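Working through the structure, step by step
Here's the letter readout for the chains.
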Number of protein chains: 2
Amino acid sequence: MTAAVLGERRAVPPTPADLERWRAADALARPARLGRLRARMDAEGIDAYFGVRRENTRYLTGFALAEGEEKVAGVSGQFLISADEVVVLADSRYTLQARDECPDARIERVYNDFSERWPQLVSGLRPSASGNGQVRRIGVEAGFVAFATWKRLASAAPDVELVPIEGWVEEFRQTKEPAEFERVAAACSVADAALEALLPAIRPGVTEHELALQLEWEMRTNGAEALAFDVACLAGERAALPHGSPTSREVRAAEVLLFDFGAQVGGYRSDMTRTLFVGEPSRRDLDVYQLVSEAQDAAISRLAAATQAGEHPTNRSVDAAARDVIAAAGHGEHFGHGLGHGIGLATHEAPSLGRLAPEAPLPSPTVFSVEPGVYLDGMTGVRIEDLVIFDPDTHRLERLTHFPREVTVVGA
Amino acid sequence: MTAAVLGERRAVPPTPADLERWRAADALARPARLGRLRARMDAEGIDAYFGVRRENTRYLTGFALAEGEEKVAGVSGQFLISADEVVVLADSRYTLQARDECPDARIERVYNDFSERWPQLVSGLRPSASGNGQVRRIGVEAGFVAFATWKRLASAAPDVELVPIEGWVEEFRQTKEPAEFERVAAACSVADAALEALLPAIRPGVTEHELALQLEWEMRTNGAEALAFDVACLAGERAALPHGSPTSREVRAAEVLLFDFGAQVGGYRSDMTRTLFVGEPSRRDLDVYQLVSEAQDAAISRLAAATQAGEHPTNRSVDAAARDVIAAAGHGEHFGHGLGHGIGLATHEAPSLGRLAPEAPLPSPTVFSVEPGVYLDGMTGVRIEDLVIFDPDTHRLERLTHFPREVTVVGA
């Protein structure tokens, strides 16, 4: 049944033409992205911005590092932005890539000599179009630059003030362009299709680890350039765990099977959770599933109402719409995490939807997860997670995750 | 031919008993590891050590995070060590794991309230066995703690001095225990067997990307809990690239095919490179291969002589043994990287063997790569990389990489 429903939605892996189109869209969008940063720099008296977070590198310069590659890439991909130019650092291993991916940037070849080169790199920056002035205050991504690096840069150019910056680019990244949504949607399609393809393999006796590996394989051979994160596959009472790698635990009949997973396409991520039933579901598990499903519906309804009205509800009010349903059923304490999170170049990014997030209207246009859950310690757990595009200004609310949300029984 | 040679060496995936034995060995070794750190702390007047690097966490406390997991784990896995105790931080997602993996540590449940909790965490530490004294100076892993975090901790407890520390634990980690060598060797066996299994799939028309994915699959379904790093597979003139992800470039006859890859077993990594010939090799490629092979032999001979004599040669002298062979053939400028690197919980760790590394006697017992290469830009590239255990004090030099080093022709 599930397979039939999904058959028409089979993911088409992104073609080289898609990748080229997205690359061109990024190049067109980059001046506006840089413009927002420069306006903020200007407002705060910052002459240049030194960034190291790999998602920010890709967003502002086009230079792409794989997840974790920044650990071995050294300074490669770190960047300086002044009012008038973009400089990308790259050691000899990365200069070809930097020239290819950042045609509008100046590439500086830097290696272990970074802190010695720092004064010259800074003084060589053009701080304004007119070429006047000097770079005296540099904003630095303080949540991502190591303390030791900061100290070395500070002492290498003592007349340059380093100003700690946190969250500027992350704030810009939460509102997205059409070509960014396209890639998140493509990553969702890849994940949807992978779970559909996995269904016949789910049967009592197979292990969490085997299913997780096969689901990964489905994604990576059908359109995903990488995973968004390691596949979570949790059977039975393990579905109540807030975190856990797949184990050699075997799937058994009459229990739940929770998959939390995502793909990466063109740099952008997806994230979805489905809780399936292996064999005949128990009454208890069905009741929990029904409750979580209603909670998700309540949050989506809240978003739909806001979208129709052209309003921006607060992150906490959307969380509350789902949480109230769960609390009313007496399970408030069994929903221990927030309702959702933004997604894009990073799997978890702004905005954050939860009780504990600082209360603020949702930005737009944006994309985030809606993922209520109920976890009964030692017994069972259910989470349902979809991504939605939210844009009340154009009255748009679009679900990107298409795998059915109805009770799905497998391996029976 | 190759397959026949390797047949007897087929990797046995580590059994649950192996994993349990390694875990027990780590637990037995941990007091000595902590003792080295505490002796250094004592010598430098440091009352406590605050660590965040995930390899150091695993080495000193037993708490294991997957590669990159530290990005989403928050403070979980960060740790404090005083003269008298080990404290591991974990949020609610990780407390079960921390209790299981760190039976001798005190687990502190910490989440977003880390900097507010810092003064209490510090004042609650027992600085010495007698319980006297106060923690006034804390060594902090300054190469891994973000500047913003440092500042928040410094202002949360202004009477506690934060002392930047770099490389202490990394220095301890370069000399290894028998059970650490066992895991590196097991990871080498997994990688050897995976390349052997891949050989029949190599033929003109298959892409780098397809081969890299299949090689990854062989490792991850036959004993590797993870990759040591993303598989590099570079065909023909692309083998001259110092860095490059697998592409849709097809393998062609009469060219080289370079694989650089490694597995992870029980937390420890392997790293190997083989340059194969697809179809009839060209004279030029064979000559380069022969040269690189001789250069590797020269380095191994230098190490063998030192091992027999019970001597510790310098890192640079071993690099020079290989480099001189390549330079004498007129290819000095085509060998642009160092000869090798240590390996263990991290793929690249101390010691470093190269022209540019600070000259120092090699430590022991240790394990490192021996990987000379010659790269002819736009034409071809050859690298041969094996791991060796080096322990002159027991006259032991052992190659852990067993895939043949002879010219190997595939897809003919």
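Residues numbered from 1 in each chain as written. Chains lettered and ligands numbered in written order. Predicted model: local features only at pLDDT ≥ 70, side-chain atom pairs only at ≥ 80, totals over all residues. Heavy atoms only, no water.

Below, the discussion takes up the overall build of chain A. Scanning chain A from terminus to terminus reveals twelve helices and 20 strands. Relative to a compact globule of 412 residues, whose C-alpha radius of gyration would be 22 Å, chain A shows 23 Å and is just as compact. Dimensions of chain A along its principal axes, counting C-alpha atoms only, are 75 × 45 × 40 Å. For chain A, the share of sequence-separated contacts (at least 6 apart) that also reach a separation of at least 24 residues comes to 68%. Surface exposure of chain A reaches about 16300 Å², of which carbon and sulfur atoms provide 52%. Across chain A, the 43 positively charged side chains and the 61 negatively charged ones have centroids separated by 3 Å. (Helix = DSSP H or I, 4+ residues; strand = E, 2+ residues; numbered from the N terminus. Rg over C-alpha atoms; globule rule 2.2 N^0.38 Å. Contact = heavy atoms within 4.5 Å. Areas by Shrake-Rupley, 256 points an atom, 1.4 Å probe, with all protein chains shown as cover. Lys, Arg positive; Asp, Glu negative; His and termini not counted. Charge placed at Lys NZ, Arg CZ, Asp CG, Glu CD.)

Residue and element names in this part refer to chain B. Across the five residues of strand β5 (residues 137-141), four count as buried, placing the element largely inside the fold. Examined bridge by bridge, strand β1 (residues 48-51) and β5 share three bridges and lie parallel to one another. Considered in β5, the bridge of Tyr 49 is made with Gly 139. As paired elements, β5 and strand β6 (residues 161-165) share five bridges and run parallel to each other. By the bridge assignment, Ile 138 is partnered in β6 with Leu 162. Handedness of the crossover joining β5 and β6 through helix α7 (residues 147-156): right-handed. (Buried < 20%, exposed > 50% of the residue type's maximum accessible area, 1.4 Å probe, protein only. Pairing = 2+ DSSP bridges. Right-handed = clockwise from strand over helix to strand, strands pointing away.)

Put simply, an interface is often sized by how much accessible area is lost when its parts join up. Contact residues are listed per partner, giving 31 residues for chain A and 31 residues for chain B. Together, the buried faces of chain A and chain B total about 2500 Å²; carbon and sulfur atoms form 60% of this surface. Among the residues chain A hides against chain B, the three largest losses belong to Phe 147, Trp 217 and His 243 of chain A. Together they make up 27% of the total. Arg 152 of chain B serves as the salt-bridge partner of Glu 166 of chain A, at 3.1 Å between the closest nitrogen and oxygen. Our enumeration of links across chain A and chain B arrives at 14 residue pairs in polar contact (both at pLDDT 80 or more). Of all the elements in the fold, those that place two or more residues in the side of chain A that touches chain B are α4 (70-73), α5 (95-101), α7 (147-156) and α10 (208-220) of chain A. Among the residues making up the side of chain A that touches chain B, the classes are represented as 15 nonpolar, six polar and ten charged. (Buried area = accessible area lost by both parts, 1.4 Å probe. Salt bridge = Lys/Arg side-chain N within 4 Å of Asp/Glu carboxyl O. Polar contact = N/O pair within 3.5 Å; in protein donor to acceptor, adjacent residues only side chain to side chain. Nonpolar A, V, L, I, M, F, W, Y, C, P; charged D, E, K, R; others polar.)

Attention shifts here to the sheet that holds strand β9 (residues 255-261) of chain B. Strand pairing in a sheet is mediated by backbone hydrogen bonds. Such pairs are either parallel or antiparallel. All names here are of chain B. Strand order in the open sheet formed by four strands is β8-β9-β12-β20, with mixed pairing between adjacent strands. Since the sheet does not close on itself, it has two edges, and those belong to β8 (232-235) and β20 (409-410), each with one partner. Relative to strand β12 (residues 272-278), helix α11 (residues 283-309) is tilted by about 155 degrees, and along the sheet it contacts β9 and β12. (Axes fitted to C-alpha atoms, helices over the stretch in contact; angles between N-to-C directions.)

As a further point, take the relation of the copies chain A and chain B. In screw terms, the move from chain A to chain B is a rotation of 180 degrees and a rise of 0.0 Å along the axis, fitting with an RMSD of 0.0 Å. Such a combination of rotation and displacement between the chain copies is what one expects of a two-fold axis. Both copies share a contact surface, since 97% of the interface residues of chain A are interface residues in chain B too. (Least-squares fit on C-alpha atoms with pLDDT ≥ 70 in both.)

Residues and elements named next belong to chain A. Here chain A is described as being made up of domain 1 (45-173) and domain 2 (178-410). Opposite the eight residues of domain 1 that make contact, domain 2 presents eight residues. Sorting the residues of domain 1 by area buried against domain 2 places Arg 58, Tyr 59 and Arg 173 first, and these three jointly supply 61% of that buried surface. Where domain 1 touches domain 2, the interface holds two salt bridges. Arg 173 is paired through a salt bridge with Glu 349; the nearest N and O atoms lie 2.8 Å apart. Where domain 1 packs against domain 2, one counts three residue pairs in polar contact (both at pLDDT 80 or more). Considering every element that reaches the side of domain 1 that touches domain 2, the biggest residue donor is helix α3 (residues 54-61), with four residues. (Domains from an automatic or database assignment.)

Residue and element names in this part refer to chain A. An order of β7-β10-β11 is seen for the three strands of this open sheet, with the pairing classed as antiparallel. Of all strands in the sheet, those with a lone pairing partner are β7 (226-227) and β11 (268-269), marking the two edges. When strand β10 (residues 263-265) meets β11, the two strands line up antiparallel, connected through two bridges. From the neighbouring strand, Val 265 faces β11, where its bridge partner is Tyr 268.

Here we take up the packing of aromatic side chains. Aromatic rings considered in pairs are described by the distance between their centres and by the relative angle of their planes. By the definition in use, this model includes 20 aromatic pairs over all chains. When the ring of Phe 147 of chain A is compared with that of Phe 147 of chain B, the centres are 6.2 Å apart and the planes differ by 10 degrees; the resulting orientation is stacked. Residue Phe 147 of chain A is located in helix α7, and its partner Phe 147 of chain B is located in helix α7; the two belong to separate chains. Each member of the pair, Phe 147 of chain A as well as Phe 147 of chain B, is classed as buried. With a centroid separation of 6.0 Å and an interplanar angle of 55 degrees, the aromatic rings of Phe 368 of chain A and Phe 390 of chain A are classed as tilted. Of the two residues, Phe 368 of chain A is situated in strand β15 (residues 366-370) and Phe 390 of chain A in strand β18 (residues 386-391); the sequence distance between them amounts to 22 residues. (Phe/Tyr/Trp six-rings, centres within 6.5 Å; stacked < 30°, edge-to-face > 60°.)

Bringing α7 of chain B into the picture now. Buried residues of α7 of chain B: Phe 147, Ala 148, Trp 150 and Leu 153 of chain B, and no others. Next to the buried residues of α7 of chain B lie α7 and β6 (161-165) of chain A together with β1, α6 (114-123), β5 and β6 of chain B.

Judged by nonpolar contacts, the single largest core of 50 residues is most densely connected at Phe 50, Trp 118 and Ile 138 of chain A together with Phe 50, Trp 118 and Ile 138 of chain B. Leaving out residues up to four positions away in the same chain, Phe 50 of chain A has contacts with Gln 78, Phe 79, Leu 80, Leu 89, Phe 114, Trp 118, Ile 138, Gly 139, Val 140, Glu 141, Val 145 and Leu 153 of chain A. (Core = buried A, V, L, I, M, F, W, Y, C linked by side-chain atoms within 4.5 Å.)

A word on unusual backbone geometry. The amide bond that connects Ala 350 of chain A to the next residue, Pro 351 of chain A, takes the cis arrangement and shows omega of 0 degrees. Note that Pro 351 of chain A resides in strand β14 (residues 349-353). Put simply, Ser 364 of chain B and Pro 365 of chain B share a cis peptide bond, and its omega is -10 degrees. Structurally, Pro 365 of chain B is set in the loop between β14 (349-353) and β15 (366-370). The phi torsion at Ala 254 of chain A lies on the positive side, around 65 degrees, for a residue other than glycine. Inspection of the secondary structure puts Ala 254 of chain A in the loop between β8 (232-235) and β9 (255-261).

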